[in-house]
Amino acid sequence: MFKQASRLLSRSVAAASSKSVTTRAFSSEVPSTIDSTFVESWKKVAPNMDPPQTPSAFMKPRPSTPSSIPTKLTVNFVLPYASELTGKEVDMVIIPATTGQMGVLPGHVPTIAELKPGIMSVHEGTDVKKYFLSSGFALLHANSVADIIAIEAVPLEHIDPSQVQKGLAEFQQKLTSATTDLEKAEAQIGVEVHSAINAALSG
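Naming follows an unreviewed UniProt entry, where the protein chain appears as ATP synthase subunit delta', mitochondrial isoform X1 of Camelina sativa. Looking at the protein chain in UniProt, the text filed under Sequence similarities (unreviewed entry) is "Belongs to the ATPase epsilon chain family." Of the comments in the UniProt record for the protein chain, the one headed Subcellular location (unreviewed entry) reads "Membrane".

Next comes the structure, spelled out in structure tokens:
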């Protein structure tokens with residue numbers, strides 16, 4: 001029964017798609033709606049079962065792009081266990097992207113950037129707040145909102161340089177004495193993170 005339903009549904013949806021392929025709007029630009037063609041087809045083959053929700057039911061319209069560039073960038077900075085910044089309006093954010101340090105100003109083009117261990121600085125007037133990030137992602141939206149998600153982050157002033165040096169030496173020793181691929185990988189990650197912290201403190 002379900003094989004027959006699958007064939008009928010795919011045939012109906014394909015036919016409807018071929019008729020509207022030239023007129024249908026980009027998926028993320030349309031509001032969440034119920035696909036009536038899909039529902040009608042489902043009721044024909046399974047009248048006693050409620051139709052499942054399709055991906056379009058969960059879609060939300062894209063945020064509108066301002067007609068003029070805002071004067072401030074709105075930043076949301078979150079960790080798995082805390083929300084550091086929520087709706088914070090700032091002048092600029094500099095993030096440690098894997099492609100290099102990236103400065104984000106109001107009106108930045110929409111971008112998704114992977115983050116590497118390094119310094120993120122939040123600029124608000126003459127005040128600059130710096131955090132060390134382990135990794136994560138930054139989602140920059142067309143409406144001058146930046147969502148920054150990090151696995152771990154700590155304000156730079158909370159880091160003890162002596163502990164960083166100690167940790168770097170320990171991981172360098174582990175890397176030298178590692179005998180398995182797993183031990184080498186773990187030690188290499190430790191060296192890279194501590195080296196990045198050390199460079200941030202000295203820079």
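Still more ground to cover, so stick around.
K.L.:
Before we move on, can you summarise the pairing of strand β8 (residues 136-140) with the specific residues and values?
P.N.:
Side chains of β8 alternate between two faces, with Gly136, Ala138 and Leu140 buried and Phe137 and Leu139 left unburied. As defined by bridge partners, strand β5 (residues 111-115) adjoins β8 across 5 bridges and the pair is classed as antiparallel. By the bridge assignment for β8, Ala113 is matched with Ala138. Relative to strand β9 (residues 145-150), β8 is paired through 5 bridges, and the arrangement is antiparallel.

K.L.:
Describe unusual backbone geometry, listing the residues and the values that go with them.
P.N.:
At Ser144, a residue that is not glycine, the phi angle is positive and equals roughly 60°. One can find Ser144 in the loop between β8 and β9.

K.L.:
Which residues make up helix α4 (residues 181-202), and what are the values?
P.N.:
The terminal C-alpha atoms of α4, which comprises 22 residues, lie 31 Å apart, in line with the 32 Å expected from a rise of 1.5 Å per residue. Looking at the buried side of α4, the elements it contacts are β6 (118-124), β7 (127-133) and α3 (161-177).

K.L.:
Tell me about the packing of α3 against α4, and please be specific about residues and values.
P.N.:
Two elements in contact, α3 and α4, have axes whose closest approach is 8 Å; the angle formed by their N-to-C orientations is 150°. By the angle class used here, α3 and α4 are roughly antiparallel. The hand of the α3/α4 crossing is left-handed. The segment α3 lies against α4, with Pro161, Val164, Gln165, Gly167, Leu168, Phe171, Gln172, Lys174 and Leu175 engaging Lys184, Glu186, Ala187, Gln188, Gly190, Val191, His194, Ser195, Ile197, Asn198 and Leu201. The class makeup of the residues in the contact of α3 with α4 is 9 nonpolar, 8 polar and 3 charged.

About the criteria used
Per-chain numbering applies: the sequence of each chain, read as written, is numbered from 1 onward. Two thresholds apply to this predicted model, a pLDDT of at least 70 for residue-level local features and 80 or more for giving and counting side-chain atom pairs, whereas whole-chain, interface and lining totals are computed over all residues. Excluded from the side-chain calculations are hydrogens and water; all other atoms, namely the structure's heavy atoms, are used. UniProt positions are given in the numbering used here, feature names are shortened, and annotations may be inferred rather than shown by experiment. Per-residue accessibility, obtained with a 1.4 Å probe over protein chains only, is compared with the maximum for each type, and a residue is labelled buried under 20%, exposed over 50%, and partly exposed between these values. Where helices and strands are cited, they refer to DSSP runs of H or I of at least four residues and of E of at least two residues respectively, numbered from the N terminus. Two strands form a pair only when DSSP identifies at least two bridges running between them. In a helix, the anticipated span is given by 1.5 Å times the number of residues less one. Contacts: residue pairs with any heavy atoms within 4.5 Å of one another. Fitting a line to C-alpha atoms yields each axis, with helices limited to the stretch in contact; the angle taken between N-to-C directions then spans 0 to 180 degrees. Each angle gets one of four labels, with under 35 degrees taken as roughly parallel, over 145 as roughly antiparallel, 65 to 115 as roughly perpendicular, and the rest as oblique. Handedness of each helix crossing follows the sense of rotation of the near helix against the far helix: counterclockwise by less than a right angle gives left-handed, clockwise gives right-handed. Amino acids are sorted into nonpolar (Ala, Val, Leu, Ile, Met, Phe, Trp, Tyr, Cys and Pro), charged (Asp, Glu, Lys and Arg) and polar (every other residue, Gly among them).

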